[in-house]
Amino acid sequence: MEKTYQPQQLEDHWYKTWESRGYFAPSGDGDPYCIVIPPPNVTGRLHMGHGFQHAIMDALTRYHRMLDRQALWQVGTDHAGIATQMVVERQLNAAGSSRQEIGREKFVEKVWDWKEESGDIITQQIRRMGSSLDWSRERFTMDEQLSSVVEKVFIDLYNEGLIYRGNRLVNWDPQLHTAISDLEVIAEEEDGFLWHFNYPLADGATTADGSTYITIATTRPETLLGDSAVAVHPDDERYADLVGKFIDLPLCDRRIPIIADDYVDPEFGTGCVKITPAHDFNDYEIGKRHDLDMHNILNSDASLNDEVPAPYQGLDRFAARKQIVADMESAGLLEKIEPHKLKVPRGDRSGVVIEPYLTHQWYVAIQSLADPAIKAVEDGDIEFVPKNWENTYFAWMRNIQDWCISRQLWWGHRIPAWYDEEDNVYVGNNEAEVRAKHKLGDGIVLRQDEDVLDTWFSSALWTFSTLGWPDDREFFDRFHPTDVLVTGFDIIFFWVARMIMMTLKFTGEIPFKKVYITGLVRDEHGQKMSKSKGNILDPIDLIDGIELDELVQKRTADMMQPQLKQKIEKYTRNSFPDGIVGYGTDALRFTFYSLASTGRDIKFDLGRTEGFRNFCNKIWNAARYVMMNSEDKVLSETIDPNKCSIADRWIMSRFEQAAKAVEEAMTNYRFDIAAQTLHEFVWNEYCDWYVELSKPVLWDEENNPEAAQATRRVLLSTLEKSLRLLHPFMPYITEEVWQKVAPQLAIAGESIMLQPYPQFDNDTVDREAEEQIEWLKGIIVAIRNIRGEMDISPGKAIPVFLRHGDTGDQQRLEAHRLYLQKLAKLESIEWLTEDQEAPAAATGLHGKVEILVPLAGLINVDAERARLTKEISKLEKGLEAVERKLGNAKFVDNAPEEVVAKEKEKQAQMSSALASLRDKLNGLDKL
RNA sequence: AGGCGCGUAGCUCAGUUGGUUAGAGCGCUACCUUGACAUGGUAGAGGUCACCAGUUCGAAUCUGGUCGUGCCUACCA
């Protein structure tokens, strides 16, 4: 074995082996266990969020597979309509072409080409994480089978009247020329202005105080051209007389009414609001209530259309805004301009300002689907982990709006609807079917709806469409409902809720029993990772490492804003002066587990990854030690507790406790606790203590061959079991090491991933051994403490005396003499009876046992005095607190008996220790 | 404006139903290349658990408030 762990050399090999041998497919006849992957964008790239979630899903899958469940982690990707179309469009534009130029058919072909070309990048990256996905069942939302499910669902919902076409206000992206859902709109506060305009009253009307106009304020002056009314509050006395009268809308030559509506806040501004029903969601509602005209003033690219007066036609919305303000000013109607902070809605893909826009779209009538979906969570059929995300779910579901599912894109599932020349709609699987069903002769020209469905529409069907519903039901029947969905809170609305609704509707089953919501992966300062901040980490770079220059290049490539480039470069060179060394997959995964406590975001700390890389190396070297000491050596056939050393029994017992803790952590989705337990056991118990305790036994083989053989066996078998315990979290290193270790134990098996997961075995728990080793550790630590603090060279063997303990302590000394001598590097260790005089010595305590390191030539008296003084004051503080408690009658009366007993024991122990140390300190003073 | 979190060592985080002298990793200090490992070993320093009040024999933990901070939802033109 190499001297250090080299992940690069073996990860690829093992993954290919697992995959090619079909280990990822479910097998056996255990209870099915299933997770479906949240489908990543087929042309996307792996990011830290994927890395985190995949680490968790893989641990769950491997864990359950080893528990002999038929484990299926269903893999697939989605077509990411807008994102993918944008990428290909940008490529076309860069080549001087456009999608309009080449036409729909050619364009869609190009997107497919792009999908073929880049589609396996992310799946290869997912493999690098060690994810044990069943690639033989890989699906894509636009596969024929999945597409047919999409069609079926659309048609069935339509026939039930749950899908309808409506002309309404939607969020319109003027760059992408498509409707987007309100979930895809990000409203952030930006600096803007509030323009105050005077609107002249028509027919010579005046306000109560004699003014011939009223003043309104707007953040979007250009919408003036689409105004249909001015509204005031019905109880607002200032304007009561004006309700029912009219305004001469400036620049437009239109009269609009003054209406009264509760929506208006009389306290805000002048208490008068202009109403633009075709360009504002609130105004739209008011418009409907008051039956106002809708003036749509925009084209689909947000330039002004022919509805507006000639001078403004064709102007871009922002140019129009300037023009309107200028024209109002020269008309003397601009009252004032105030700076104003407002939330500006932007498309999360395009980044441009979204316009409320009146269009025809397809909708899902959602209420009847939402009701059972709410109930499923209320009744506990589906549980969120952590539970408080259920509130988020309920809040949204109880106030749910119909879902706009059409998108004006070319890439996606085309809506299976046809129109005749009178715009009658026919929905069906294809044109021929539609014609036949509705008896439409060849003379009637039909055209298919141009739009495609929202990507989330197909994602909502993911759990059952990927498992073969409705026709090929074998896997569906076996694995559905799935066991757990692992995903981020950001798509509870987009995806989780919609899956629950659609799956219940069509299969009558819940899609999953649990929803494990992960936190967001942030950078080390708690900042969200984003391209524009330049703080993105690529999981693959953490695995393989990356040179600084390449990292800078990567982070600053195709920046929209070049001025950010310098900043990002500087920041990056500052954060990673030497680039990033590769830590390997297992270390990266373990970092995710260790940070995955529920209910909070994780700040990704590379320091921890480095620590776990070191942990891998520790495992590696422990294995190296075990192999060096067992290859070609005799080991006992079985583990016979009677032939085992106390240390052997101890480590086996400790292993059981670790196995139990891991099991508990896994059932509670506490991956951080599992990771912590494993780290603690392997490093602090197996490596730090057990391996060290094994050395005196192995090196004493001539004198006690049977003991050495037993210890060898326990070293090996505990290592082997630990590897299995670790495997779901660190698949690669455990496989590599297991392949070397298992044959030593004559364990047959092709792969650790098909081995059974260690189960807690209470019979192996050995209290006696644990007490003994605790005693041993206590004595050794006390001696080491003296060594360390007294500056005694670690190489120097020293004599030690023990005294004051009971006969049990004395027996332990005899039993563990060999260990003590070796691990504390002792020249000798002897028991002093009470009548023997103690030499001048540095003193430590463990329980009642006093540990004496003779001073002669070794100890600096002043240093020992300081050490004792420190120890004493620590004890005094503790004792004081304990005595205060015990002196309090209310405590003694009220606290449970065992708590009081515990305090009393503490008191006894502390005061005897204190007495002993004070005694020593006095003795020192006499020298 | 409502809702949900968070605030524990220099940094990243644990801390079960209130009962410890408040823990881990990284970093830091000192010593050490001893026959698995310097990606290591041994020892050590470091915390008024944001603040205030309350409940309790007892609060990092429960309650109320304050401050700071993050996110989500709805928004007043």
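Preceding this section is the structure that the text describes.
Predicted model only: the values in this text are computed from it and were never measured. (Residues numbered from 1 in each chain as written. Chains lettered and ligands numbered in written order. Predicted model: local features only at pLDDT ≥ 70, side-chain atom pairs only at ≥ 80, totals over all residues. Heavy atoms only, no water.)

Asker: Whenever I open this one, the pairing of strand 2 (residues 70-77) confuses me. Can you help?
Answerer: Looking down a regular strand, the side chains alternate between one sheet face and the other. The element strand 2 is extensively covered by neighbouring structure, given that eight of its eight residues are classed as buried. Burial along strand 2 is two-sided: the face carrying Q70, L72, Q74 and G76 and the face carrying A71, W73, V75 and T77 are both buried. As paired elements, strand 1 (residues 32-36) and strand 2 share five bridges and run parallel to each other. Each bridged residue has a counterpart across the sheet, and for P32 the counterpart in strand 2 is Q70. Following the chain from strand 1 across helix 2 (residues 48-66) to the adjacent parallel strand 2, one finds a crossover that is right-handed. (Buried < 20%, exposed > 50% of the residue type's maximum accessible area, 1.4 Å probe, protein only. Helix = DSSP H or I, 4+ residues; strand = E, 2+ residues; numbered from the N terminus. Pairing = 2+ DSSP bridges. Right-handed = clockwise from strand over helix to strand, strands pointing away.)

Asker: Just checking my understanding: could you explain the side chain of T609 for this structure?
Answerer: Mapped onto the elements, T609 comes out in helix 19 (residues 606-628). Those residues in contact with T609 that sit more than four places away from it in its chain are Y583, A587, L588, T591 and F604. (Contact = heavy atoms within 4.5 Å.)

Asker: Looking at this structure, how should I read the packing of aromatic side chains?
Answerer: Working definition: an aromatic ring pair is given by the centre-to-centre distance plus the angle between the planes. Inspection of the entire model under this criterion finds 37 aromatic pairs. Centre to centre, the rings of Y15 and F24 are 5.2 Å apart; their planes meet at 50 degrees, and the pair counts as tilted. Pair check on accessibility: Y15 and F24 agree, each one buried. Ring geometry for W389 and F489: centres 5.2 Å apart, planes at 5 degrees, overall stacked. Of this pair, W389 sits in helix 9 (residues 389-397) while F489 sits in the loop between strand 21 (482-488) and helix 14 (492-507), and the two are 100 residues apart along the sequence. A residue is classified by how much of its surface remains accessible, and F489, at 28% relative accessible area, is partly exposed. Grouping aromatic residues by their ring pairs yields a cluster made of Y516, F590, Y593, F612, F615, Y669, F671, W683 and F729. One residue, R99, lies across the ring of W410, its end atom 4.7 Å from the ring centre. R168 extends its terminal NZ or CZ atom over the ring of Y363, reaching a point 4.5 Å from the ring centre. (Phe/Tyr/Trp six-rings, centres within 6.5 Å; stacked < 30°, edge-to-face > 60°. Lys NZ or Arg CZ within 6 Å of the ring centre and 35° of its normal.)

Asker: Hey, could you run me through the packing of helix 19 against helix 22 (residues 705-726) in this one?
Answerer: A packed helix pair is summarised by two numbers, namely the angle formed by the two axes and the spacing between the axes. Orientation of helix 19 relative to helix 22, taken along the N-to-C sense of each, is 150 degrees, at an axis distance of 10 Å. Classed by the angle they form, the pair helix 19 and helix 22 counts as roughly antiparallel. Viewed along their axes, helix 19 and helix 22 form a crossing whose handedness is left-handed. On helix 22, the residues touching F615, I619, A623, Y625 and V626 of helix 19 are L715, L716, L719, L723 and L726. For the contact of helix 19 with helix 22, the residue count by class is 10 nonpolar, no polar and no charged. (Axes fitted to C-alpha atoms, helices over the stretch in contact; angles between N-to-C directions. Parallel < 35°, antiparallel > 145°, perpendicular 65-115°, else oblique. Left-handed = near helix turned anticlockwise from the far one by under 90°. Nonpolar A, V, L, I, M, F, W, Y, C, P; charged D, E, K, R; others polar.)

Asker: Quick question: what am I supposed to make of the sheet that holds strand 6 (residues 185-200) here?
Answerer: Paired through backbone hydrogen bonds, the strands of a sheet run either parallel or antiparallel to each other. With antiparallel pairing, three strands are arranged side by side in an open sheet as 7-6-12. Each edge of the open sheet carries a strand with a single partner, namely strand 7 (213-218) and strand 12 (334-347). In this sheet, adjacent strand axes meet at a mean angle of 20 degrees when their direction is disregarded. Bridge analysis of strand 6 against strand 12 gives 13 bridges, and the strand direction is antiparallel. Looking across to strand 12, one finds that E188 is bridged to V344. Packed onto the sheet, helix 7 (residues 317-330) meets strand 6 and strand 12 and runs at close to 25 degrees relative to strand 6.

Asker: Help me understand the nonpolar core in this model?
Answerer: When a protein is soluble and globular, its nonpolar side chains tend to lie buried together. In this structure, F457, F671 and F729 are the most contacted members of the largest nonpolar core, which totals 201 residues. For this core, the element with the most residues is helix 21 (residues 671-698), which contributes 14 residues. Formed by 36 residues, the second largest nonpolar core is a distinct cluster that contains L224, C252, I256 and A320. (Core = buried A, V, L, I, M, F, W, Y, C linked by side-chain atoms within 4.5 Å.)

Asker: What should I look at first to understand the pattern of salt bridges in this one?
Answerer: A side chain of one charge can pair with a side chain of the opposite charge when the charged atoms of the two come close. All told, the structure shown has 65 salt bridges when counted by the stated rule. A salt bridge links R918 to E876; the shortest N-O distance between them is 2.6 Å. Residue R918 is found in helix 28 (residues 897-926), and its partner E876 is found in helix 26 (residues 861-887); the two are separated by 42 residues along the sequence. Given a relative accessible area of 38%, R918 falls into the partly exposed group. Under the relative-accessibility criterion, E876 is labelled partly exposed at 32%. Through salt bridges that share partners, E184, R407, D454 and R498 make up one connected network. (Salt bridge = Lys/Arg side-chain N within 4 Å of Asp/Glu carboxyl O.)

Asker: Where do I start with the protein's contact with RNA strand B in this structure?
Answerer: In the vicinity of RNA strand B, 57 residues are found, and the nearest of them are F268, N282, K343, S597 and N621. Of all atoms in RNA strand B that approach within 4 Å of the protein, 63% are sugar or phosphate atoms. Separating a base oxygen of RNA strand B from a side-chain N or O atom of R608 is a distance of 3.3 Å. Here K618 contributes a side-chain N or O atom positioned 2.9 Å from a base nitrogen of RNA strand B. Where the surface near RNA strand B is concerned, the elements lending two or more residues are strand 7, strand 12, helix 19, helix 21, helix 24 (767-790), helix 26, helix 27 (889-894) and helix 28. With 10 residues, helix 19 is the largest single contributor of residues to the surface near RNA strand B. In the surface near RNA strand B, the residues fall into 20 nonpolar, 17 polar and 20 charged. (Near = heavy atom within 4 Å. Polar contact = N/O pair within 3.5 Å; in protein donor to acceptor, adjacent residues only side chain to side chain.)

Asker: I keep staring at the packing of helix 8 (residues 367-378) against helix 14 and nothing clicks. Help me out?
Answerer: At a closest axis distance of 8 Å, the pairing of helix 8 and helix 14 adopts a crossing angle of 105 degrees. Overall, the two elements helix 8 and helix 14 adopt an arrangement that is roughly perpendicular. Here L369, A370, P372, A373, A376 and V377 of helix 8 come into contact with helix 14, specifically with I500, M501, M502, L504 and K505. Its residues assigned to classes, the contact of helix 8 with helix 14 comprises 10 nonpolar, no polar and one charged.

Asker: Please explain helix 17 (residues 563-575) as it appears in this structure.
Answerer: An α-helical turn contains 3.6 residues, so any two residues separated by three or four positions project in the same direction. Taking 1.5 Å as the rise per residue, helix 17 with 13 residues should run 18 Å; its terminal C-alpha atoms sit 19 Å apart, in good agreement. For helix 17, the full list of buried residues reads L564, I568 and T572. Buried residues in helix 17, looked at end-on, bunch into an arc of 65 degrees, giving them a common side. For helix 17, the exposed residues set more than 90 degrees away from the buried face come down to Q563, Q566, K567, K570 and N574. (Expected span 1.5 Å × (residues − 1). Arc of directions from axis to C-beta.)

Asker: I'm lost on the sheet that holds strand 5 (residues 178-180) in this one. Help?
Answerer: Here four strands make up an open sheet; going across it, the order is 5-4-13-15 and the pairing antiparallel. Both outer strands of the open sheet, strand 5 and strand 15 (403-404), are each paired with one neighbouring strand and no more.

In short, shape yes, function no, at least from these values alone.
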